[in-house]
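Here's the letter readout for the chains.
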Amino acid sequence: MTFSSNERRARSATVVGLGPMGAAIARAFIQAGVDTTVWNRTRSKADALAADGARVAADLGSAVGHADLVVTVLRDHQTTRRFLETVPADLRQGRTFVVLASSSPAEARQTQAWAEQNGLDLLQGAIMVPEPLIGTDNGLILYCGDEKLLDRWRPVLEIAAPRSPFLGLDPGLAALHDTAMVQVFFAAMTAFLHSSAMATAQGLTAKNFLPWAEEMLAILPATFEQLAHDVDGGAYSGAEDNLLMELSALEHIHTTSVETGVDPQLPALMRDLARRALDDGHGADSWSRIVEGLRSTV
Ligand SMILES: NC(=O)c1ccc[n+]([C@@H]2O[C@H](COP(=O)([O-])OP(=O)(O)OC[C@H]3O[C@@H](n4cnc5c(N)ncnc54)[C@H](OP(=O)(O)O)[C@@H]3O)[C@@H](O)[C@H]2O)c1
């Protein structure tokens, strides 16, 4: 089968930045038959992809010139902006640059503003899965900013992540979801590690404790739903739980932490949030009341 030059360009992509994530995206493109050009500061990482079928560009300019879709998977937005600044003006026109580095929402908006001032069509994305899930049905990348650009390049971008929702016009939205989602992940992992440290100090193994931690995990979906309802409604009825009772549980976690020689900062943080709400007269409210204390802690 022969392709017209327009069809070929619609199935071409350049990937800039070949850390574990950029390399996984490039490999997914290649396996799906996308004509893929790669460039990386450290050339050996680009050469490693040549065996898979990637075209290794000699320099950044020719990497960008090979495709109308340029996906950047660099460490952060500062690095990404430095790269974009080096793209010659005549190569900026008519191309779509997709920025997939993690950032804060403010930094993502700064990158978008810079792109608009410098005549670049730029789409922001946040990769929400680890590298082994790229190119599988579970791949998830969140997009925001310019929906027309996403619609135009969906057939290629969905190869990396079949789940590629558009969140909205605000270019900080993908980064906002990214930071908020990843915090849920890190907070849960840290809580499990803290509890495991207390358990192992008392002769258990982390594996002994694991099924009991999973009992708590099973309660969380319904708990999150109720918390979201309370936060959005701004009402924290303590019909099923109350902060006075919960403070006592948190004091026990703190005491156990100290007794087992485990850093008590995490339970102290939760205990102090509850104490503050109690001091403000909210002892009969639910744990969701804590959001008000968090909002006022800057
Ligand atoms: N890995 C994951 O599972 C995962 C999951 C979700 C999101 N992400 C996000 O994806 C992005 C890429 O992550 P990664 O895991 O592939 O590895 P990374 O170590 O964050 O990024 C590696 C890439 O950035 C380049 N780079 C770093 N500093 C540079 C500089 N000063 N100038 C030019 N290039 C520079 C590296 O080039 P060299 O090879 O020359 O050093 C390499 O191409 C990050 O924003 C990360 O947060 C990654």
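None of these values were measured; they are calculated from a predicted model.

Describing the packing of aromatic side chains
Next, step 1: Taken as a whole and assessed by the stated rule, the structure comprises 2 aromatic pairs.
Next, step 2: Ring centres of Phe-185 and Phe-186 lie 6.1 Å apart, and the angle between their planes is 70°; on these two criteria the pair is classed as edge-to-face.
Next, step 3: Taking relative accessible area as the criterion, Phe-185 reaches 51% and is therefore assigned exposed.
Next, step 4: For Phe-186, a relative accessible area of 48% gives the class partly exposed.
Next, step 5: On the basis of an interplanar angle of 20° and a centroid distance of 5.9 Å, the ring pair of Phe-192 and Phe-209 is categorised as stacked. Of this pair, Phe-192 sits in helix H9 (residues 173-201) while Phe-209 sits in helix H10 (residues 206-233), and the two are 17 residues apart along the sequence.

Topic: the site of the ligand
Next, step 1: Surveying the vicinity of the ligand reveals 21 residues, the closest of which are Asn-40, Thr-42, Lys-45, Arg-75 and Ser-102.
Next, step 2: Backbone polar atom of Leu-18 to an oxygen atom of the ligand: 3.0 Å apart, as the coordinates give it.
Next, step 3: Its free accessible area being 880 Å², the ligand has 76% of it covered by the protein chains.
Next, step 4: Listing elements by their share of the shell around the ligand, those giving two or more residues are helix H2 (20-31) and helix H5 (77-85).
Next, step 5: Of all the elements, H2 adds the most residues to the shell around the ligand, at 3 residues.
Next, step 6: In the shell around the ligand, the residues fall into 9 nonpolar, 7 polar and 5 charged.

Thoughts on the sheet that holds strand S6 (residues 121-127)
Next, step 1: Read from one edge of the open sheet, 7 strands run S3-S2-S1-S4-S5-S6-S7, paired in mixed fashion. In the strand order of this sheet, the two ends are held by strand S3 (55-56) and strand S7 (141-144), each with one partner.
Next, step 2: Across 3 bridges, the pairing between strand S1 (residues 12-16) and strand S4 (residues 69-72) is parallel. When the bridges of S4 are listed, Thr-14 appears paired with Val-70.
Next, step 3: Here H9 sits on the sheet in contact with S6 and S7, set at roughly 145° to S7.

Quick look at helix H7 (residues 105-117)
Next, step 1: In this model, H7 (13 residues) spans 18 Å end to end at C-alpha, consistent with the 18 Å of a helix rising 1.5 Å per residue.
Next, step 2: Taken as a whole, H7 has its buried residues at Pro-105, Ala-108, Thr-111, Gln-112, Trp-114 and Ala-115.
Next, step 3: A positive phi of about 70° marks Gly-119, the residue just after H7.

A short note on the pairing of S4
Next, step 1: Neither face of S4 is left uncovered, since the one carrying Leu-69 and Val-71 and the one carrying Val-70 and Thr-72 both have all their residues buried.
Next, step 2: The pairing of S4 with strand S5 (residues 96-99) spans 4 bridges and is parallel. Following the sheet pairing, Leu-69 is matched in S5 by Thr-96.

Brief notes about the domain arrangement of the chain
Next, step 1: Split by domain assignment, the chain resolves into domain 1 (5-169) and domain 2 (202-295).
Next, step 2: Its C-alpha centre places domain 1 at a distance of 41 Å from the equivalent point of domain 2.

Considering the nonpolar core
Next, step 1: The biggest cluster of nonpolar side chains holds 43 residues, and the ones touching the most others in it are Ile-25, Phe-29, Ile-127, Ile-134 and Leu-157.
Next, step 2: Mapped by element, the contributors of at least two residues to this core are S1, H2, helix H3 (43-50), S4, S6, S7, helix H8 (147-160) and H9.
Next, step 3: Of the residues forming this core, the biggest block, 8 residues, is contributed by H2.
Next, step 4: If near-sequence neighbours (up to four positions away) are discounted, Ile-127 is found in contact with Met-21, Ile-25, Val-73, Leu-100, Ile-134, Leu-140 and Ile-141.

Thoughts on the side chain of Gln-124
Next, step 1: Positionally, Gln-124 belongs in strand S6.
Next, step 2: A residue is classified by how much of its surface remains accessible, and Gln-124, at 2% relative accessible area, is buried.
Next, step 3: Setting aside residues no more than four positions away along its own chain, Gln-124 makes contact with His-77, Val-99, Ala-108, Thr-111, Gln-112, Leu-142, Tyr-143, Cys-144, Pro-171 and Ala-174.

Here we look at the pairing of S5
Put simply, side chains in a regular strand alternate between the two faces of the sheet.
Next, step 1: Side chains Thr-96 and Val-98 of S5 all project onto a buried face; the interleaved residues Phe-97 and Val-99 project onto the opposite face, where all are buried too.
Next, step 2: The pairing of S5 with S6 spans 4 bridges and is classified as parallel. By the bridge assignment, Thr-96 is partnered in S6 with Asp-121.

Regarding a nonpolar patch on the surface
Next, step 1: Taken together, the side chains of Val-184, Leu-217, Leu-220 and Phe-224 define a hydrophobic patch exposed on the protein surface, amounting to about 340 Å² of accessible area.
Next, step 2: For the nonpolar patch, the element with the most residues is H10, which contributes 3 residues.

Some remarks on the packing of H2 against H8
Each pair of packed helices gets described by two things: the angle between the helix axes and the distance between those axes.
Next, step 1: Contact pair H2 / H8: the axes reach a minimum separation of 8 Å and the direction vectors enclose 120°. When you trace H2 past H8, the crossing you get is right-handed. Together, Ile-25, Ala-28 and Phe-29 of H2 and Val-156, Ile-159 and Ala-160 of H8 make up the contact between the two elements.

Considering the pattern of salt bridges
Next, step 1: Using the criterion set out here, one finds 12 salt bridges in the structure.
Next, step 2: A salt bridge links Glu-158 to Arg-154; the nearest nitrogen and oxygen atoms lie 2.6 Å apart. Placement of both Glu-158 and Arg-154 in helix H8 is noted, with a separation of 4 residues, approximately one turn of the helix.
Next, step 3: The shortest N-O distance in the salt bridge between Arg-271 and Asp-272 comes to 3.0 Å.
Next, step 4: Relative accessible area serves as the criterion here: at 34%, Asp-272 is assigned to the partly exposed category.
Next, step 5: Because the salt bridges share partners, they merge into one network encompassing Glu-251, Arg-271, Asp-272 and Arg-275.

The rules we used
Residues numbered from 1 in each chain as written. Predicted model: local features only at pLDDT ≥ 70, side-chain atom pairs only at ≥ 80, totals over all residues. Heavy atoms only, no water. Phe/Tyr/Trp six-rings, centres within 6.5 Å; stacked < 30°, edge-to-face > 60°. Buried < 20%, exposed > 50% of the residue type's maximum accessible area, 1.4 Å probe, protein only. Helix = DSSP H or I, 4+ residues; strand = E, 2+ residues; numbered from the N terminus. Near = heavy atom within 4 Å. Polar contact = N/O pair within 3.5 Å; in protein donor to acceptor, adjacent residues only side chain to side chain. Areas by Shrake-Rupley, 256 points an atom, 1.4 Å probe, with all protein chains shown as cover. Nonpolar A, V, L, I, M, F, W, Y, C, P; charged D, E, K, R; others polar. Pairing = 2+ DSSP bridges. Contact = heavy atoms within 4.5 Å. Axes fitted to C-alpha atoms, helices over the stretch in contact; angles between N-to-C directions. Expected span 1.5 Å × (residues − 1). Domains from an automatic or database assignment. Core = buried A, V, L, I, M, F, W, Y, C linked by side-chain atoms within 4.5 Å. Patch = residues over 30% accessible without salt bridge, like charges linked within 9 Å, V, L, I, M, F, W, Y side chains within 5 Å. Salt bridge = Lys/Arg side-chain N within 4 Å of Asp/Glu carboxyl O. Left-handed = near helix turned anticlockwise from the far one by under 90°.

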